[in-house]
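# Examining the three-dimensional arrangement
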Amino acid sequence: MKRRTRHKLATAARFTLLGLWFLIVAFPMYWIFATSFKPDHEWFAWPPVYWSGTPTLDNYRTVWTSYTAALATQMAESMQKPWEALGNSLIISLTATTLSVTFGTLLAYGVSRYQILSEKRMFNLLMLRMIPPIVVAAPLTLYYSTLHLLDTVTGLVIVYVITTLPYAVWMTKSFVDEVPREMEQAAELLGASRWRTVWEVIFPLVRSGVLATFLFILILTWSEYLMALILSKTDVVTLPVQLSKYEGTTEGRVYGRQAALAVGVTLPLIIIGCSIRKHLVRGFSFGMVKR
């Protein structure tokens, strides 16, 4: 009886801690969502207004549909239209993520099956990601200026591919390692070429893991701020950089408009995550059960 009581108390304590942690994590997201519907006078209200009694869509209209030249004069000079910033973020993040995952998967297959990189070189590859971005910001800016890559989509894509490639290799390698070699050998005995074996045998088995890796890297590239701020000026502005420019308005801190834009920044990732949640669950748990 005492053992059963201790088990119930431990379970209750565990769920209590998880519930508290969920509130800590979820409350900022709720606050952003609630602020996006607040009228101007409730942004700085005290005591805080947790949900507006008169919710409004004016913040969304101002940010997403009523963006005019008059409004732009109140913002930073390099402010772009939100839809242009959204297009830049989509093009840059999707292109960089696709290239990183594609090259990373191929490289991971070569490491797993042919040991083209030793453990030491794999660790050195991961060390590239551990370099603080601010350390390489200044020399990279000079280098990009020489190559005329500043403030271009190509320049940001190259940076994101290089910085996320170590994650792509390390994550997908663990999934490829779990695929039995006997399946490849059986396909080769039936006359399949190496590329056909990879595409029709290996890839379907690691597809969930690749999708999980894709979403993980997409979140990194979509929300990256420092390199996008340094390597872009006026022509190529991403949504995180656009969001930060609301701090420089002549109106002061326009929290409601910032929140409305922040909802637009996070909503695509939430939609993507919910749409492929089955693959994500299988991908993140792939390889946990040893054969």
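Provided above is the structure to which this section pertains.
Residues numbered from 1 in each chain as written. Predicted model: local features only at pLDDT ≥ 70, side-chain atom pairs only at ≥ 80, totals over all residues. Heavy atoms only, no water.

### With respect to the packing of aromatic side chains
For the structure on display, the rule yields 12 aromatic pairs. Aromatic pair phenylalanine 27 and tyrosine 30: ring centres 6.4 Å apart, planes at 40°, arrangement tilted. Within this pair, phenylalanine 27 and its partner tyrosine 30 are both found in helix α1 (residues 2-35), separated by 3 residues, close to a single helical turn. Residue classification places phenylalanine 27 among the partly exposed residues on the basis of a relative accessible area of 40%. (Phe/Tyr/Trp six-rings, centres within 6.5 Å; stacked < 30°, edge-to-face > 60°. Helix = DSSP H or I, 4+ residues; strand = E, 2+ residues; numbered from the N terminus. Buried < 20%, exposed > 50% of the residue type's maximum accessible area, 1.4 Å probe, protein only.)

### As for the pattern of salt bridges
Applying the stated criterion across every chain yields a total of 6 salt bridges. Between lysine 173 and aspartate 177 there is a salt bridge whose closest N-O contact spans 2.9 Å. Of this pair, lysine 173 and aspartate 177 are both found in helix α7 (residues 153-177), 4 residues apart, which corresponds to roughly one turn of the helix. Overall, the relative accessible area of 22% leaves lysine 173 in the partly exposed class. The partner of glutamate 200 in a salt bridge is arginine 196, and the shortest N-O contact between them spans 3.2 Å. Of the two residues, glutamate 200 and arginine 196 both sit in helix α9 (residues 194-223), 4 residues apart, roughly one turn of that helix. The exposure class of glutamate 200 is partly exposed, given its relative accessible area of 47%. (Salt bridge = Lys/Arg side-chain N within 4 Å of Asp/Glu carboxyl O.)

### Quick word on the nonpolar core
In a soluble, globular protein the nonpolar side chains are often hidden away together inside. Within the largest apolar cluster, 19 residues are counted, with the highest numbers of intra-cluster contacts made by Tyr60, Val63, Trp64, Trp222, Leu239 and Leu261. Among the elements of the structure, α2 (58-65), α4 (82-114), α9 and α12 (255-275) are those that each provide at least two residues to this core. Counting residues per element, this core draws most heavily on α12, at 5 residues. The residues contacting tryptophan 222, other than those within four sequence positions of it, are Leu86, Ser89, Leu90, Ser93, Leu239, Pro240, Val265, Pro268 and Leu269. (Core = buried A, V, L, I, M, F, W, Y, C linked by side-chain atoms within 4.5 Å. Contact = heavy atoms within 4.5 Å.)

### Quick word on α2
Every buried residue of α2 is listed here: Asn59, Tyr60, Thr62, Val63 and Trp64. Taken end-on, α2 shows its buried residues confined to a sector of 165°, consistent with a single buried face. (Arc of directions from axis to C-beta.)

### Remarks on the packing of α2 against α12
Axis separation between α2 and α12 bottoms out at 8 Å; the angle between their running directions is 65°. For the element pair α2 / α12, the angle class is roughly perpendicular. As for how α2 packs across α12, the hand of that crossing is right-handed. Two secondary-structure elements touch here, α2 through Asn59, Tyr60, Thr62, Val63 and Trp64 and α12 through Gly256, Arg257, Ala260, Leu261, Val263 and Gly264. When grouped by side-chain class, the residues that make up the contact of α2 with α12 number 6 nonpolar, 4 polar and 1 charged. (Axes fitted to C-alpha atoms, helices over the stretch in contact; angles between N-to-C directions. Parallel < 35°, antiparallel > 145°, perpendicular 65-115°, else oblique. Left-handed = near helix turned anticlockwise from the far one by under 90°. Nonpolar A, V, L, I, M, F, W, Y, C, P; charged D, E, K, R; others polar.)

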